[in-house]
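Breakdown of the fold
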Amino acid sequence: MSRYGYQILQTLITDLDPDQRVKNAMNEINSSKRLKFAIAERAEGDKILHVQVKRAEAEAEAKYLSGVGVAKQRKAIVDGLRSSIVDFSEGVEGTTSKDIMDLLLLTQYFDCIRDVGQEGHCKTTFVPSSRSTGDDVRNALLQAESAK
């Protein structure tokens, strides 16, 4: 066409019809690419599922071990209380086991109040549970408010 003064820069080809073997080969290539992608995605999904299963198993094991730790801690507390009661009853004559338990509960109560009082972020108010102390509770709350 250049001989006639025309220069072709672009052409639009709309109807390609390669040989059937070429079409089959191209279809096979596309199919294998999609299959490869599907296998990779499935492997990634299996890996994520495996990680989630392992995480759940680890969490279950941690909770079990935490429970074992709490049980051992409680057993140690009971053993300590038992030895305290035995030592106290042997050391102080005339005391009953109820007297000793009352003393231990009072000690734990004071320890609790001390621990709560030391924490700056605690906003706890201990209210006595006696039925006859309605006015005492009101007065105690008023005193606490005025102490601020």
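Residues numbered from 1 in each chain as written. Predicted model: local features only at pLDDT ≥ 70, side-chain atom pairs only at ≥ 80, totals over all residues. Heavy atoms only, no water.

Let us now look at the confidence of the model for the chain. Regions with low pLDDT carry predicted coordinates that are not meant to be interpreted in detail. The predicted model of the chain has a mean per-residue pLDDT of 84, with 90% of residues at 70 or higher. Across the chain, the element-wise mean pLDDT spans from 72 in helix α3 (residues 134–147) up to 91 in helix α1 (residues 20–91). (pLDDT = per-residue confidence, 0-100. Helix = DSSP H or I, 4+ residues; strand = E, 2+ residues; numbered from the N terminus.)

Per the counting criterion, the structure on display carries nine salt bridges. Taking the shortest distance from any N to any O, the salt bridge between Glu57 and Lys54 comes out at 3.7 Å. In this pair, Glu57 and Lys54 are both assigned in helix α1, three residues apart and thus about one turn of the helix distant. By relative accessible area, Glu57 is classed as partly exposed at 44%. Judged by relative accessible area, which is 45%, Lys54 ranks as partly exposed. Linking Glu59 and Lys63 is a salt bridge whose minimum nitrogen-to-oxygen distance equals 3.4 Å. Here Glu59 and its partner Lys63 are both found in helix α1, four residues apart, which amounts to about one turn of the helix. Here Glu59 falls in the partly exposed class, since its relative accessible area comes to 43%. Accessibility expressed as a relative area gives 57% for Lys63, which makes it exposed. The network of salt bridges with common partners includes Lys75, Asp79 and Arg82. (Salt bridge = Lys/Arg side-chain N within 4 Å of Asp/Glu carboxyl O. Buried < 20%, exposed > 50% of the residue type's maximum accessible area, 1.4 Å probe, protein only.)

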